[in-house]
Amino acid sequence: AQSVAQPEDQVNVAEGNPLTVKCTYSVSGNPYLFWYVQYPNRGLQFLLKYITGDNLVKGSYGFEAEFNKSQTSFHLKKPSALVSDSALYFCAVRGGNTGFQKLVFGTGTRLLVSP
Amino acid sequence: DAGVIQSPRHEVTEMGQEVTLRCKPISGHDYLFWYRQTMMRGLELLIYFNNNVPIDDSGMPEDRFSAKMPNASFSTLKIQPSEPRDSAVYFCASTPRAGMETQYFGPGTRLLVL
């Protein structure tokens, strides 16, 4: 069965500093990996995804994520955090087997960027 | 495109009442998902449809919950009778045909059962 772990409930970072939100996964076959962001009282918004190709994936709002197969990780990063990045971040995975498979979401990590 | 549309945005009801949540997916999307989000359990997949057909409803909590998709542009999630433990935010999401895996979420319905 596929699973996702987000080991940190909350990440605190000062504005202008780099940020990392961690995600590890377990899946059969090659993984499809996603990051979503949720702002207060809003639905989840897609940030970026890894399907195949370059291990460094660039997404919306200056975010990027690095796929590391040996460590089964897909950490979300941004070189310089903004206060407006404060939100709840979800990592998700599905297996790369043929046919449709549902996404499995992590429990979410709250990012708090202080001025 | 207006994105995934959900109604109502907020619902307050009393225990025992029937609750119906509505979703309009993005036009052309073949898959529709219903999720529930709570502090305790996080984001849970309740059920999903492919071409209006329910594929996997293993996440539906119990028989009080039912979902339908009568056509490609409309789905409902019904709770009857509702209970306080059903209080949560319910999200609908849709995605195009397989190969484009990004799911697009609606704004959610915040349900409070008193």
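**Quick notes on the overall build of chain A**
The helix and strand inventory of chain A stands at 0 helices and 12 strands. In sequence order, chain A lays out its α and β elements as β-β-β-β-β-β-β-β-β-β-β-β. The globule rule puts the C-alpha radius of gyration for 115 residues at 13 Å, and the 14 Å found for chain A is close to it. In terms of overall dimensions, chain A has a C-alpha envelope of 45 × 30 × 20 Å along the principal axes. Long-range contacts, defined as pairs at least 24 residues apart, comprise 57% of the intrachain contacts of chain A with a sequence gap of at least 6. In the structure as shown, chain A presents an accessible area of about 5,500 Å², 49% of it carried by carbon and sulfur atoms. Measuring between centres, the 10 positive side-chain charges of chain A sit 9 Å from its 7 negative side-chain charges.

**Digging into the interface of chain A and chain B**
Each partner contributes to the interface: chain A provides 17 residues, whereas chain B provides 20 residues. Both faces considered, chain A and chain B share a buried interface measuring about 1,600 Å² in area, 58% of it formed by carbon and sulfur atoms. Counting across the chain A and chain B interface gives 0 salt bridges. Seen at the junction of chain A and chain B, the total is 4 residue pairs in polar contact (both at pLDDT 80 or more). Of all the secondary-structure elements, those providing two or more residues to the side of chain A that touches chain B are strand 5 (31–38), strand 6 (44–50) and strand 10 (87–95) of chain A.

**Brief notes about the nonpolar core**
Formed by 28 residues in total, the largest nonpolar core has its most connected members in A:Trp35, A:Leu47, A:Leu48, A:Phe74, A:Leu76 and A:Tyr89. When residues of this core are traced back to their parent elements, those giving at least two are strand 2 (10–14), strand 3 (19–21), strand 5, strand 6, strand 8 (64–68), strand 9 (73–78), strand 10 and strand 12 (109–114) of chain A. Broken down by element, the residue count for this core peaks at 4 residues, all from strand 10 of chain A. Leave out the neighbours within four places in its chain, and A:Phe74 touches A:Cys23, A:Leu33, A:Phe34, A:Trp35, A:Leu48, A:Lys49, A:Tyr50, A:Ala65, A:Glu66 and A:Phe67. Membership of the second largest hydrophobic core comes to 21 residues, among which are B:Leu32, B:Leu46, B:Met69 and B:Leu77.

**A short note on the state of the cysteines**
All names here are of chain A. Applying the stated rule across the entire model yields 2 disulfides over all chains. Across the disulfide, Cys23 is cross-linked to Cys91 (sulfur-sulfur distance 2.0 Å). Since a negative S-S torsion denotes a left-handed disulfide, the Cys23-Cys91 link at about -65 degrees is left-handed. Of the two residues, Cys23 is situated in the loop between strand 3 and strand 4 (24–26) and Cys91 in strand 10; the sequence distance between them amounts to 68 residues.

Conventions adopted
Residues numbered from 1 in each chain as written. Chains lettered and ligands numbered in written order. Predicted model: local features only at pLDDT ≥ 70, side-chain atom pairs only at ≥ 80, totals over all residues. Heavy atoms only, no water. Helix = DSSP H or I, 4+ residues; strand = E, 2+ residues; numbered from the N terminus. Rg over C-alpha atoms; globule rule 2.2 N^0.38 Å. Contact = heavy atoms within 4.5 Å. Areas by Shrake-Rupley, 256 points an atom, 1.4 Å probe, with all protein chains shown as cover. Lys, Arg positive; Asp, Glu negative; His and termini not counted. Charge placed at Lys NZ, Arg CZ, Asp CG, Glu CD. Buried area = accessible area lost by both parts, 1.4 Å probe. Salt bridge = Lys/Arg side-chain N within 4 Å of Asp/Glu carboxyl O. Polar contact = N/O pair within 3.5 Å; in protein donor to acceptor, adjacent residues only side chain to side chain. Core = buried A, V, L, I, M, F, W, Y, C linked by side-chain atoms within 4.5 Å. Buried < 20%, exposed > 50% of the residue type's maximum accessible area, 1.4 Å probe, protein only. Disulfide = S-S within 2.5 Å.

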